[in-house]
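Take a look at the letters that make up each chain.
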Amino acid sequence: MPEYDLAIRGGTVVTATDTIRADIGVRDGRIAAVADRLADAARTIDASGLLVLPGGIDSHVHIAQPSGPGIVMADDFASATRAAAAGGNTCVMPFALQPRGQSLRETALAYRALAEGQCHIDVAIHLIVSDPTPAVLGQELPAMIGAGFTSFKVFMTYDDLVLNDRQILDVFDVARREGARVMVHAEGYDAIRYMTERMERSGQTGPYGHALSRPQTVEREAAHRAISHAELVDLPIVIVHVSGGEAMEQIAWAQERGMKIHAETCPQYLTLTAEDMKGLGQDDPLAGSKYVCSPPVRDTASQEQIWSGIQRGVFDVVSSDHCPFRYDETGKRNPKGRTSFRWIPNGIPGIETRLPILFSEGVSKGRISLNRFVALSATNHAKLYGLYPRKGSIGPGFDADLTLWDPNRREVIRQEILHHGADYTPWEGFAVTGWPVMTIAGGSVIVEDGRILEEPGRGRVLDREIDRTKLSPRL
Ligand code: DUC
Ligand code: ZN
Ligand code: ZN
């Protein structure tokens, strides 16, 4: 009987701290050994010339999320996890959104049921708390945290989701007591409403008006407010999808003062600009809607600031914020969207392109090291959200979730090579150097060179436990 089920030989193994030539032995879905030369295995994969990376973890994606009347999210669990796997990921973290008036338990269990049996890779679910009633704060939220939903997101904007300052303080307080991780969408509700009405009055109703209605000031103010609330409660928080230098400066300021503020950014804030929302040269007045997301994409100066924040360690994670809508009447071109940008669903697809874009723009262009790439794309996600040391690195005992990466392969991102449910990509024609050539989940090869090798169902819905010693992990 061979000692290992699988051996990956001859590759360069990269973790957040080390880069070594080694073989990897897999047994029962987990990594059993990382060594110079391994004994026999039932199957051997030759990884010569390739990097062997921890499978990507995308801790911020939206899948099958209710999105308002007539609007349908373009991915279910099968298509989103298929696309994620093809893009080199082995775990994603979507959100169970609490509609106001519904119990958190009902929300979480119904969402979990959508995922069960449908996933190509493992998923772990965050909650979105939109209705912090006394029952939610007193019983439901603590119970759901204890049941394995150990992280949740709160919104500082959107009619159906916004929490006021007192509500934010109250949910932060519960998170502190229970040891949960809180993600914050930092954009100010009233400022956006004011700016939206102003844009509409001035006739700026097309997609570009969305960017004008949510300038960096709106994000900067909300980031500062969230930081202040976190300071009062003494709670480490994650400010997600940071789009611009102004919010980032607030975060850096807090970090310099010793506050435990974590930050996430996304490939769109490194590569796209608000000019894309103008749909220049295209007849279709809604063409720019393909780029409408919140916070909006900014400008090239802001991209450089975000890169410098990544290099300085202000950011811990780069997620996709995959939030896919089709470019049709169920999504970006819904009939009301023609009357004003306020009806264009916010979000863009990116689950499959996150790693190639970050690798290409980051590692291939010399902005970040390979090890930093691994930290930003996998390890820090696992550490922040309670998946470490099960996931996020390569070593004995970790799940055998691995991506074989060709650092020299050139590709041009095109809709026709992607696997998501959206019918477009904002990165159509974007050239990258570096590409995932094989994805291994739980020791099984599930994607090879863009071909999906299994039906959905392998991926599990993971419960997480609170580890109070890791609430503010050293990243
Ligand atoms: N926030 C997200 O996290 N994703 C899409 C839209 C939004 O507002
Ligand atoms: Zn958000
Ligand atoms: Zn999001």
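Residues numbered from 1 in each chain as written. Chains lettered and ligands numbered in written order. Predicted model: local features only at pLDDT ≥ 70, side-chain atom pairs only at ≥ 80, totals over all residues. Heavy atoms only, no water.

Counted only if it meets this: UniProt positions are given in the numbering used here, feature names are shortened, and annotations may be inferred rather than shown by experiment.
Naming follows an unreviewed UniProt entry, where the protein chain appears as Dihydropyrimidinase of Methylobacterium gnaphalii. According to its UniProt record, the protein chain has this under Cofactor (unreviewed entry): "Zn(2+)". Quoted verbatim from the Sequence similarities (unreviewed entry) heading of the UniProt record, the comment on the protein chain is "Belongs to the metallo-dependent hydrolases superfamily. Hydantoinase/dihydropyrimidinase family."

## Comments concerning the site of ligand 1
For clarity, the threshold we go by: For each residue, the test is whether any non-hydrogen atom lies within 4 Å of the molecule or strand; if one does, the residue is near. Polar contact is defined as a pair of N or O atoms within 3.5 Å, subject to the rule that within protein one atom must be able to donate a hydrogen and the other to accept it, and that residues adjacent in sequence are counted only when both atoms are side-chain atoms. Only the protein chains shown count as cover for residues, and all accessible areas are computed by the Shrake-Rupley method using a 1.4 Å probe. Any residue that is not Ala, Val, Leu, Ile, Met, Phe, Trp, Tyr, Cys, Pro, Asp, Glu, Lys or Arg is counted as polar, Gly included; the first ten are nonpolar and the last four charged.
Looking at ligand 1, the residues that line it are His60, His62, Lys153, Tyr158, His185, His241, Ser294, Asp321, Cys323 and Asn346. Between histidine 60 and ligand 1, the recorded distance is 3.0 Å, taken from a side-chain N or O atom to an oxygen atom. In isolation ligand 1 offers 230 Å² of accessible surface; the protein chains occlude 95% of this area. Its residues assigned to classes, the shell around ligand 1 comprises two nonpolar, six polar and two charged.

## Structural notes on the UniProt feature "domain: Amidohydrolase-related" (unreviewed entry) in the protein chain
The condition that has to hold: The helix and strand labels rest on DSSP assignments: H or I over at least four residues marks a helix, E over at least two residues marks a strand, and numbering proceeds from the N terminus.
The feature "domain: Amidohydrolase-related" (unreviewed entry), as annotated in UniProt, sits at residues 51-445 in this numbering. Taken end to end, residues 51-445 comprises 36% helix and 16% strand; its first and last C-alpha atoms sit 16 Å apart.

## Some words on the coordination of the zinc ion (ligand 3)
Cut-off, in case you're wondering: In this description, a donor is an N, O or S atom within 2.8 Å of the metal centre, a cutoff extended to 3.2 Å for sodium, potassium and calcium. Water is not part of the atom list, which can make sites seem incomplete. Residue burial is assigned from relative accessible area. The probe radius is 1.4 Å, only protein chains are included, and a residue is buried under 20% of its type maximum, exposed over 50%, and partly exposed in between.
The protein atoms donating to the zinc ion (ligand 3) are His60 (NE2), His62 (NE2) and Asp321 (OD), with metal-donor distances spanning 1.9 to 2.0 Å. Mapped onto the sequence, the donors of the zinc ion (ligand 3) take the spacing H-x1-H-x258-D. In this structure the zinc ion (ligand 2) is found 4.1 Å away from the zinc ion (ligand 3). Separated by 261 residues along the polypeptide, histidine 60 in the loop between strand E6 (56-58) and helix H1 (77-86) and aspartate 321 in the loop between strand E15 (317-318) and helix H11 (354-364) bring together distant segments of the chain. Assessed through its relative accessible area of 0%, histidine 60 is described here as buried. Residue class for aspartate 321 comes out buried when judged on its relative accessible area of 8%.

## Some words on helix H4 (residues 165-178)
Because each turn of an α-helix spans 3.6 residues, side chains separated by three or four positions end up pointing in the same direction. Selection criterion: The span one expects for a helix is its residue count, reduced by one, times 1.5 Å. Arc definition: directions from the helix axis to the C-beta atoms. Contact criterion: two residues are considered in contact whenever any of their non-hydrogen atoms come within 4.5 Å of each other.
For H4, built from 14 residues, the straight-helix expectation of 20 Å at 1.5 Å per residue is met to within 8% by its first-to-last C-alpha distance of 20 Å. Buried within H4 we find Ile168, Val171, Phe172, Val174 and Ala175. Buried residues of H4 fall within an arc of 160° about the axis and therefore sit on the same side. Looking at the packing, one finds that the buried side of H4 touches helix H3 (134-146), strand E11 (151-155), strand E12 (181-185), helix H7 (216-233) and strand E13 (237-239). Of the residues flanking the start of H4, the one acting as N-cap is asparagine 164, its side-chain oxygen 3.1 Å from the backbone nitrogen of arginine 166.

## Observations regarding the packing of aromatic side chains
Stated precisely, the cut-off is as follows: Side-chain rings of Phe, Tyr and Trp (the six-membered ring for Trp) are treated as a pair once their centres are within 6.5 Å; stacked means planes under 30 degrees apart, edge-to-face means over 60, and tilted covers the remaining angles. Each ring is checked for a lysine NZ or an arginine CZ that lies within 6 Å of its centre and within 35 degrees of its normal; such an atom marks a charge sitting over the ring.
Within this structure, the stated rule accounts for seven aromatic pairs. An angle of 90° between the planes, with centres 5.2 Å apart, marks the rings of phenylalanine 359 and phenylalanine 373 as edge-to-face. Of this pair, phenylalanine 359 sits in helix H11 while phenylalanine 373 sits in helix H12 (residues 370-384), and the two are 14 residues apart along the sequence. For the pair phenylalanine 359 and phenylalanine 373, one class covers both residues: buried. Among the aromatic residues, those joined into a cluster by ring pairs are Phe359, Phe373 and Trp405. The residue whose ring lies beneath arginine 333 is tyrosine 327, and the NZ or CZ to ring-centre distance is 4.2 Å.

## With respect to the coordination of the zinc ion (ligand 2)
By definition of the ideal shapes, four donors in a tetrahedron about a metal sit 109.5 degrees apart, and six donors in an octahedron sit 90 or 180 degrees apart. Summarising the metal site, the zinc ion (ligand 2) is bound by the protein donors Lys153 (NZ), His185 (ND1) and His241 (NE2), whose distances to it range over 2.1 Å. Taken in chain order, the donor set of the zinc ion (ligand 2) reads K-x31-H-x55-H.

## Focus: unusual backbone geometry
A cis amide bond links serine 294 to the next residue, proline 295, at an omega of -10°. Among the secondary structure elements, proline 295 is positioned in the loop between helix H9 (268-271) and helix H10 (300-312). Omega for the bond connecting tyrosine 388 with proline 389 falls within 30 degrees of zero, at 10°, which places this linkage in the cis form. Relative to the elements of secondary structure, proline 389 occurs in the loop between H12 and strand E16 (402-412). At aspartate 28, a position not held by glycine, the phi torsion is positive, near 55°. Its place among the elements puts aspartate 28 in the loop between strand E2 (19-27) and strand E3 (30-35). Look at aspartate 28 and you get exposed, because its relative accessible area is 69%. At aspartate 234, a position not held by glycine, the phi torsion is positive, near 65°. As for its placement among the helices and strands, aspartate 234 is situated in the loop between H7 and E13.

## Some thoughts on the pairing of E11
Every other side chain in a regular strand lies on the same face of the sheet, so the side chains alternate between the two faces. Counted only if it meets this: For two strands to pair, DSSP has to find at least two bridges joining them. Here the term right-handed applies to a crossover when the path leading from its first strand over the helix to its second strand runs clockwise, the strands being oriented away from the viewer.
For E11, the tally of buried residues reaches five of five residues, placing the bulk of the element in the interior. Going residue by residue along E11, you find Ser151, Lys153 and Phe155 tucked away on one face and Phe152 and Val154 tucked away on the opposite face as well. Both strand E10 (residues 126-128) and E11 contribute to a ladder of two bridges, which runs parallel. When the bridges of E11 are listed, leucine 127 appears paired with phenylalanine 152. Between E10 and its parallel partner E11, the chain crosses via H3, and the hand of that crossover is right-handed. Across five bridges, the pairing between E11 and E12 is parallel. Within E12, the residue paired with phenylalanine 152 across the bridge is valine 182. Since E11 and E12 lie parallel, the crossover through H4 that links them has a hand, and here it is right-handed.

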